[in-house]
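Residues per chain are reported as follows:
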Amino acid sequence: MAVTLLRLRPLLIALALVAPVVSAQTARAPSSAARDHRETLRSHEPAVPYSAYNDHPKLAIILVIDQFRGDYLDRWRSDFKGDGFNLFLDGGAYFPDCYYDYANTKTAPGHAAIGTGAYSDGNGIASNAWWDLSRNQQRPVSAVEDERYQLVGLPPSSIPPGAKYVTGSSPRNLLASTVGDELRLATQGQSKVFGISLKDRAAILTAGAAANGAFWIDPASGYWVTSTFYMSQLPDWAAAFNTSGAIAQAEQDANAANTKNFYNDVGKTPAANTYELNFAEALIQGEQLGQHNVTDLLTVSLSANDMMGHASGPDSPDEQQMVDALDSQLADFFTWLDKNIPGGLGNVWIALTADHGVAPVPATAAQYGLNAATIDLTKLIAALNYAINMKFSPGEKIEYVLPHQDLPYIFLNDPEFMKAGINEQEAEQAVQQALPAAVDSLVPQQPTPPPSDSPLAGTGKPAVLPSETRLPPRPALFRSYTRQQLADGPYPPTPWGTLLAHSYSPFGEWYVMVIPTAFQMADSHGTTHFTPYSYDRHVPLGFYGAPFAPGTYLDRVQPVDIAATFAALLGINQPSASVGQILTRALKPADEVTYPREIPPRPHRAAPAHHATAAHHAAREATPHP
Ligand SMILES: [Zn+2]
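All values derive from a computational prediction rather than experimental measurement. In this convention, every chain numbers its residues from 1, walking through the sequence in written order. Thresholds applied to this predicted model are a pLDDT of at least 70 for local features of residues and 80 or more for the giving and counting of side-chain atom pairs; totals over whole chains, interfaces and linings are not thresholded and use all residues. Side-chain measures here rest on the full set of heavy atoms in the structure, leaving out hydrogens and waters.

(A) Focus on the coordination of the zinc ion. Surrounding the zinc ion are the protein donor atoms Asp 306 (OD), Asp 306 (OD), His 310 (NE2) and His 529 (NE2), which sit 2.0 to 2.5 Å from the metal. Its four donor atoms give the zinc ion angles of 55 to 160 degrees at the centre, a pattern that matches the irregular case. Along the chain, the residues that donate to the zinc ion are spaced as D-x3-H-x218-H. With His 310 in helix H13 (residues 304-312) and His 529 in the loop between strand E14 (511-516) and helix H21 (534-537), this residue pair connects regions lying 219 residues apart in the sequence. Burial here depends on accessible area, computed with a 1.4 Å probe over protein chains only, as a share of the maximum for the residue type. Under 20% is buried, over 50% is exposed, and the range in between is partly exposed. Residue His 529 is classed as buried on the basis of its relative accessible area of 3%. Water is absent from the atoms considered, so a metal site may look incomplete; donors are defined as N, O and S atoms within 2.8 Å of the metal, or 3.2 Å for Na, K and Ca. Site shape is set this way: if four donors have all angles between 85 and 135 degrees, tetrahedral; if opposite donors are over 155 degrees apart and all others between 65 and 115, square planar for four donors and octahedral for six; otherwise irregular. For the purposes of this entry, the term helix denotes a DSSP run of H or I that reaches at least four residues, the term strand denotes a run of E that reaches at least two, and both are numbered from the N terminus.

Next up, the structure:
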């Protein structure tokens, strides 16, 4: 209820300021009326335009839902009750057609894109993990793990027996600054910037290197931790949160009391979102965000939807329940912000988006007739290794292609190739050339009947006949690109070419990027995201806050536009590799932007009836909120 009324506050102030001018307009020339309007406003505004330097807004929040496809908000819109998602859909600027413009739609690159306003070619993050044999010969390294640092805040039970520490994480591979980094630089460290998520990569890559801190959880215990990259000790408020009973409460809410795997057992339930948002509130209070003379920034990545979504898929009742639960959890969080940020929610900006979408579960897509095959990646790697051995070292069983692969990238064992005197170009091209046959070999080919007008059709031999029912899906390759092709081009002069160019990162060993045809994946249970297809690239984009003109905008936009738009409005530099557009069509004219000037008296005054002019506000007033 409070939020609904408060959402009107900027509007009320605007109306109060504009009203006398509008009546004067009939008697005066428009130019003088306009000047009056500006003067009326000016007397209520700071002498310089609103920006980060004069704490407008007091707090900016980038809210990322991990794996949240762009169609969900429209699909389940009639379910939304309070001012959770409706804050953006009714009270904010909503862009239903927001698509990532790159091909490797995974968690780490998605969060890096949101933070930096750049894609993999600009920020370096192309995957969650990659093989880097100089750092680890046993397994791929993650995008943020960093053996030069250690984790901070782990409970003793999460440090392996005999070990003194657990390897830390950092933005070591992030090659671009984030909007938070730029805010820190612009205000000479006065702005506070934090990132949180259940996942280290989602906390770190959205917030950036100059952030005051990034927090994520220890998977076993659920304790909030950070890394010595950021600080050598947890802040008191964070340590207090870890022992406050919040973990036990979340476990109980998730029906997972005393679990030894908090990340999985609580992480896939709506209780994880409450747990994260409660931590966000503790952080805002503990660090006094929104109480400085400059703008502060918090990035929050909600992980639960991804963990549940992989298992259940976008078309499951679980997904709808998670989205509906999040709607009311967000409403609670926004109400809390309204009460706890000086001046209320009118002094906060919130951007809402996701790091990627998701494919339908292959069995579901196949049911509708789509060729949604599952690819046996272990078999594919074996087939490739067989083919490469046949070509370069017949009779041997050299592991030219590394194990533990994660599509779309297949990393090569370049030391083995080099030993055989094969350079990168030859190696990558050999794998690329072996791919079509290797994919074809995954499922035995059925004999194909001759066309009915072929002379063979009536020869009387025991012919193969056409199927009477739909045939099962078959793995099929769409395209593949070598690391060198992605690095150097030439790219086709088309949107597809741009998408490829955006997907390149120099990190890791030699590789080939494998793009199956749409609706295919390597996961044999559940579903996933990693492709250049719309279902993986489509995410929601919403803005709430004083500068944003409420409305639904059917422009094709990108998540990288968040950093660009925030940077422009804050009056700071664009992040170092930013390619986002400033979404000017969703911005109010500067002289119509108003912020609450002071801490309002509590309880809030009810809005005068004649001000509730907008239809949705009027309708909303009539409906009591729970
Ligand atoms: Zn995921």
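Here the narrative resumes.
(B) A look at the side chain of Gln 67. Within the secondary structure, Gln 67 sits in the loop between strand E1 (59-65) and helix H3 (72-75). Residue Gln 67 is classed as buried on the basis of its relative accessible area, which comes to 0%. By the criterion applied in these results, polar contacts are pairs of N or O atoms within 3.5 Å in which, for protein atoms, one can donate a hydrogen and the other can accept it, and in which residues neighboring in sequence qualify only through two side-chain atoms. One polar contact links Gln 67 to Asp 306, side chain to side chain, over a distance of 2.8 Å. Contact criterion: two residues are considered in contact whenever any of their non-hydrogen atoms come within 4.5 Å of each other. In this structure Gln 67 touches Tyr 72, Asn 305, Asp 306, Gly 309, His 310, Glu 319, Asp 355, His 356, Gly 357, Val 358 and His 529, once residues within four positions along its chain are discounted.

(C) Region of the structure containing the sheet that holds strand E13 (residues 477-482). Here, a strand pair is defined by DSSP locating no fewer than two bridges between the strands. Here we have three strands laid out as an open sheet, ordered E12-E14-E13, and antiparallel in their pairing. Two strands lie at the open edges of the sheet, namely strand E12 (409-411) and E13, each paired on one side alone. The sheet shows a mean angle of 25 degrees between the axes of neighbouring strands, direction not considered. Pairing of E12 with E14 involves three bridges; the strand directions are antiparallel. Axes here refer to lines fitted to C-alpha atoms; in helices the fit is confined to the stretch in contact. Angles between the N-to-C directions go from 0 to 180 degrees.

(D) Quick peek at helix H8 (residues 200-207). A large share of H8 lies buried, amounting to seven of its eight residues. Following H8 by one or two positions, Gly 208 has its phi on the positive side, about 105 degrees.

(E) Quick peek at the nonpolar core. Core analysis: the largest hydrophobic core is formed by 171 residues, its most contacted members being Phe 85 and Leu 337. Element by element, the count of residues in this core is highest for helix H12 (residues 270-286), at nine residues. Among residues more than four places away in sequence, those in contact with Phe 85 are Ile 65, Phe 68, Leu 73, Phe 80, Val 323, Leu 326, Asp 327, Leu 330 and Leu 352. Here the nonpolar core consists of buried residues drawn from Ala, Val, Leu, Ile, Met, Phe, Trp, Tyr and Cys, with membership extended through side-chain atoms lying within 4.5 Å.

(F) Structural context of the pattern of salt bridges. By salt bridge we mean one thing: a side-chain nitrogen of Lys or Arg within 4 Å of a carboxyl oxygen of Asp or Glu. The tally for this structure, following the rule as stated, stands at 17 salt bridges. Here Arg 69 makes a salt bridge to Asp 71, at a shortest N to O gap of 2.9 Å. Residue Arg 172 pairs with Glu 147 through a salt bridge whose shortest N-O separation is 3.8 Å. Separated by 25 residues along the polypeptide, Arg 172 in the loop between strand E6 (167-169) and helix H7 (179-186) and Glu 147 in strand E5 (residues 145-152) bring together distant segments of the chain. Through salt bridges that share partners, Arg 135, Asp 146, Glu 147, Arg 148 and Arg 172 make up one connected network.

(G) Expanded view of empty space enclosed by the protein. The distinction between a cavity and a pocket rests on a 1 Å grid over the protein atoms alone: a 1.4 Å probe fits inside a cavity but cannot get out, while a pocket stays open yet meets protein on both sides within 12 Å along at least five of seven lines, and a residue with an atom within 4 Å of a point counts as lining. Grid points are joined across faces, edges and corners, and a volume is the space filled by probe spheres set on the points. Tallied over the full model, the rule gives two cavities of 30 Å³ or more. In this structure, the largest cavity encloses a volume near 60 Å³. Ala 126, Ser 127, Trp 130, Tyr 409, Phe 411, Ser 505, Phe 507 and Tyr 511 are the residues that line the largest cavity. Space inside the second largest cavity adds up to approximately 40 Å³.

(H) Structural detail: the pairing of strand E11 (residues 348-354). Most of E11 sits inside the fold, with seven of its seven residues counted as buried. Side chains of E11 alternate between two faces, with Val 348, Ile 350, Leu 352 and Ala 354 and Trp 349, Ala 351 and Thr 353 buried alike. By the bridge criterion, seven bridges tie E1 to E11 in an arrangement that is parallel. The residue of E11 that forms the bridge with Ile 65 is Ala 354. Relative to strand E15 (residues 538-544), E11 is paired through three bridges, and the arrangement is antiparallel. Within the sheet, the bridge partner assigned to Ile 350 lies in E15 and is Tyr 544.

(I) Quick look at the packing of aromatic side chains. Aromatic pairing here means that ring centres of Phe, Tyr or Trp (its six-membered ring) are within 6.5 Å. Orientation follows from the plane angle: under 30 degrees is stacked, over 60 is edge-to-face, and everything else is tilted. A full pass over the atoms with the stated rule returns 37 aromatic pairs. A centroid spacing of 5.1 Å and a plane angle of 25 degrees characterise the contact between Phe 95 and Tyr 553, whose relative ring orientation is stacked. Note that Phe 95 is positioned in strand E2 (residues 93-99) and Tyr 553 in the loop between strand E16 (551-552) and helix H22 (560-570), a separation of 458 residues in sequence. Taking 5.6 Å as the distance between ring centres and 5 degrees as the angle between the ring planes, the aromatic pair formed by Trp 130 and Phe 507 counts as stacked. Of this pair, Trp 130 sits in strand E3 (residues 129-130) while Phe 507 is found in the loop between helix H20 (495-501) and E14, placing the two residues 377 residues apart along the sequence. For Trp 130, a relative accessible area of 4% puts it in the buried group. Phe 507 sits in the partly exposed class, given a relative accessible area of 23%. The residue whose ring lies beneath Arg 479 is Phe 478, and the NZ or CZ to ring-centre distance is 4.4 Å. Note on criteria: charge over ring means Lys NZ or Arg CZ within 6 Å of the ring centre, with the direction from the centre no more than 35 degrees off the ring normal. Looking at Arg 556, its charged tip hangs above the ring of Tyr 99, at a distance of 4.0 Å from the centre.

(J) View of the sheet that holds E11. Ordered by their spatial adjacency, 11 strands build an open sheet running E6-E5-E9-E8-E7-E10-E1-E11-E15-E2-E16, and the pairing between neighbours is mixed. Of all the strands in the sheet, just E6 and E16 have a single pairing partner and so form its edges. In this sheet, strand E9 (residues 224-227) lies alongside E5 in antiparallel orientation, the contact comprising two bridges. Looking across to E9, one finds that Leu 151 is bridged to Ser 227. Packing against the sheet, H22 makes contact with E1, E11 and E15, and its axis sits at approximately 165 degrees to E11.

(K) Inspection of the environment of Ala 501 at higher detail. For Ala 501, the location among the structural elements is in helix H20. A relative accessible area of 18% places Ala 501 in the buried class. Placed 12 residues apart in sequence, Ala 501 and Gly 489 show a C-alpha to C-alpha distance of 7.7 Å. Other than its neighbours up to four places away in sequence, Ala 501 contacts Asp 121 and Tyr 491.

(L) Quick peek at the side chain of Ser 301. Mapped onto the elements of the fold, Ser 301 is located in strand E10 (residues 296-302). In this structure the side chain of Ser 301 is engaged in a polar contact, spanning 2.8 Å, whose partner is the side chain of His 111.

(M) Quick look at unusual backbone geometry. The step from His 56 to Pro 57 runs through a cis peptide bond, and the omega angle for that step is 5 degrees. Cis geometry is adopted by the peptide bond preceding Pro 490, which originates at Gly 489 and carries an omega value of 0 degrees. Examined against the element boundaries, Pro 490 turns out to sit in the loop between helix H19 (483-488) and H20. Non-glycine residue Gln 288 carries a positive phi angle of around 55 degrees. Looking at the secondary structure, you find Gln 288 in the loop between H12 and E10. The phi dihedral of Phe 519 falls on the positive side, at around 75 degrees, and the residue is not glycine.

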